[in-house]
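This is what each chain is made of:
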Amino acid sequence: SPAASAQTVRFPDVSSNHWAKSYIDALVSQGVLAGFPDGSFRPDAPVTRAQFSSMLQAVYAKSPVRGSVNFADVPNNHWAKTSIQNSYRMGFLSGYPGNVFAPEQNIPREQVLVSLANGLNYQSSAATNDVLSIYSDQGSISNFARPAIAAATEKGMVVNYPSLSFLNPGRNATRAEVAAFLYQALRSEGRVSAVNSSYVASYNASPRNYRLAAGTSLPVTYARDQI
């Protein structure tokens, strides 16, 4: 029916089989994300640090873990000043040396994941290098980001499209990717239901290879018709 199709294709540039459609629709309906005046969503557009702070404020209202700071490049009349301050005070975003926030800088994928993992105070239970070994490009992850991304991975917050094994940590995050990361962060807290996606990275500590001492006896059973 026309009504059903209107619900299926909310944005002309987000097809019904777009990999992030479920994430985008859910966060738009919750008021976390919005489309543009022309009706588009622009899923492949980058996200600035100021825009990301606004998304964080729409999702989180946590108690402050630190005081405010007046960033040199965020004047009082900046549209995102309040969300930047709140994101900083909650522990999600930090500045750069020299009291700089860089609000108009496009935020890389690894920074989004670090922000979410740090703000939610997540830590990995397994060794960082073990968890990150699931990514073919794990050598490209910045040193500062490694522990937080390992934690985000264990919590199911990492969504890699089109290739599950490539994190692309330094690439600018797209609006679709930020939607996916934010949704999975909410999922890790049990605030939303799971979205069926084949692009959520996961780390499984088993199976592992164990070395047995020579002469170790192992009980083995078998069914003859399976040999």
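Just so we're clear, the structure is a prediction, and the values are computed from it rather than from any experiment.

S.K.: Pulling in residues and values, what's your account of the nonpolar core?
M.R.: Ranked by size, the top nonpolar core spans 66 residues in total, and within it Tyr-23, Ile-24, Phe-52, Tyr-60, Leu-116, Ile-149 and Leu-182 carry the most contacts. Contributions of two or more residues to this core are made by α2 (21-29), α3 (49-59), α4 (81-89), α5 (109-119), α6 (128-132), α7 (146-154) and α8 (175-188). The leading source of residues in this core is α8, at 9 residues. The residues contacting Leu-182, other than those within four sequence positions of it, are Leu-27, Val-32, Phe-52, Met-55, Leu-56, Val-59 and Leu-116.

S.K.: Break down the layout of surface pockets for me, with residues and values.
M.R.: Roughly 250 Å³ of volume is contained in the largest pocket. Lining the largest pocket are 13 residues, with Leu-33, Ala-34, Gln-51, Met-55 and Arg-175 positioned closest to its centre. Quantified by volume, the second largest pocket comes out at close to 200 Å³. As for the second largest pocket, its lining consists of Arg-49, Gly-91, Phe-92, Leu-93, Ser-94, Gly-95, Tyr-96, Gln-111, Val-114, Ser-115, Asn-118 and Phe-144.

S.K.: Account for the packing of α5 against α7, naming residues and giving values.
M.R.: The geometry of a pair of packed helices is captured by two quantities: the angle between their axes and the separation between those axes. With their axes 8 Å apart at the nearest point, α5 and α7 run at an angle of 75 degrees to one another. The pairing of α5 with α7 is recorded here as roughly perpendicular in orientation. Listed contacts from α7 to Glu-110, Leu-113, Val-114, Ala-117 and Asn-118 of α5 are Ala-148, Ile-149 and Ala-152. Residue classes in the contact of α5 with α7 are distributed as 6 nonpolar, 1 polar and 1 charged.

S.K.: I'd love a proper account of α2, names of residues and values included.
M.R.: α2 sits mainly inside the fold: 7 of its 9 residues count as buried. When we look at burial in α2, the residues that qualify are Lys-21, Tyr-23, Ile-24, Asp-25, Ala-26, Leu-27 and Val-28. Count one or two residues on from α2 and you reach Gly-31, which has phi positive near 80 degrees.

S.K.: Please provide a residue-by-residue account of the pattern of salt bridges, values included.
M.R.: One pass over the structure, following the stated rule, counts 7 salt bridges. One salt bridge in this structure joins Lys-21 and Asp-25, with 2.8 Å as the shortest N-O distance. Taken together, the positions of Lys-21 and Asp-25, both in helix α2 and 4 residues apart, correspond to about one turn of that helix. Classification of Lys-21 as buried rests on a relative accessible area of 8%. Judged by relative accessible area, Asp-25 falls into the buried class, the value being 14%. One salt bridge connects Glu-189 with Lys-62, and the closest N-O pair in it is separated by 3.7 Å.

S.K.: Before we move on, could you go through the packing of α3 against α8 and cite the residues and values that matter?
M.R.: Running from N to C, α3 and α8 cross one another at 25 degrees; their axes reach a closest spacing of 12 Å. Judged on the interaxial angle alone, α8 and α3 are roughly parallel. For the pair α3 and α8, the crossing hand works out as right-handed. Listed contacts from α8 to Phe-52, Met-55, Leu-56 and Val-59 of α3 are Val-178, Leu-182 and Leu-186.

Rules and cut-offs
Residues numbered from 1 in each chain as written. Predicted model: local features only at pLDDT ≥ 70, side-chain atom pairs only at ≥ 80, totals over all residues. Heavy atoms only, no water. Core = buried A, V, L, I, M, F, W, Y, C linked by side-chain atoms within 4.5 Å. Buried < 20%, exposed > 50% of the residue type's maximum accessible area, 1.4 Å probe, protein only. Helix = DSSP H or I, 4+ residues; strand = E, 2+ residues; numbered from the N terminus. Contact = heavy atoms within 4.5 Å. 1 Å grid on protein atoms, 1.4 Å probe; cavity = no way out; pocket = protein on both sides within 12 Å on 5 of 7 lines; lining within 4 Å. Points joined across faces, edges and corners; volume = space filled by probe spheres on them. Axes fitted to C-alpha atoms, helices over the stretch in contact; angles between N-to-C directions. Parallel < 35°, antiparallel > 145°, perpendicular 65-115°, else oblique. Nonpolar A, V, L, I, M, F, W, Y, C, P; charged D, E, K, R; others polar. Salt bridge = Lys/Arg side-chain N within 4 Å of Asp/Glu carboxyl O. Left-handed = near helix turned anticlockwise from the far one by under 90°.

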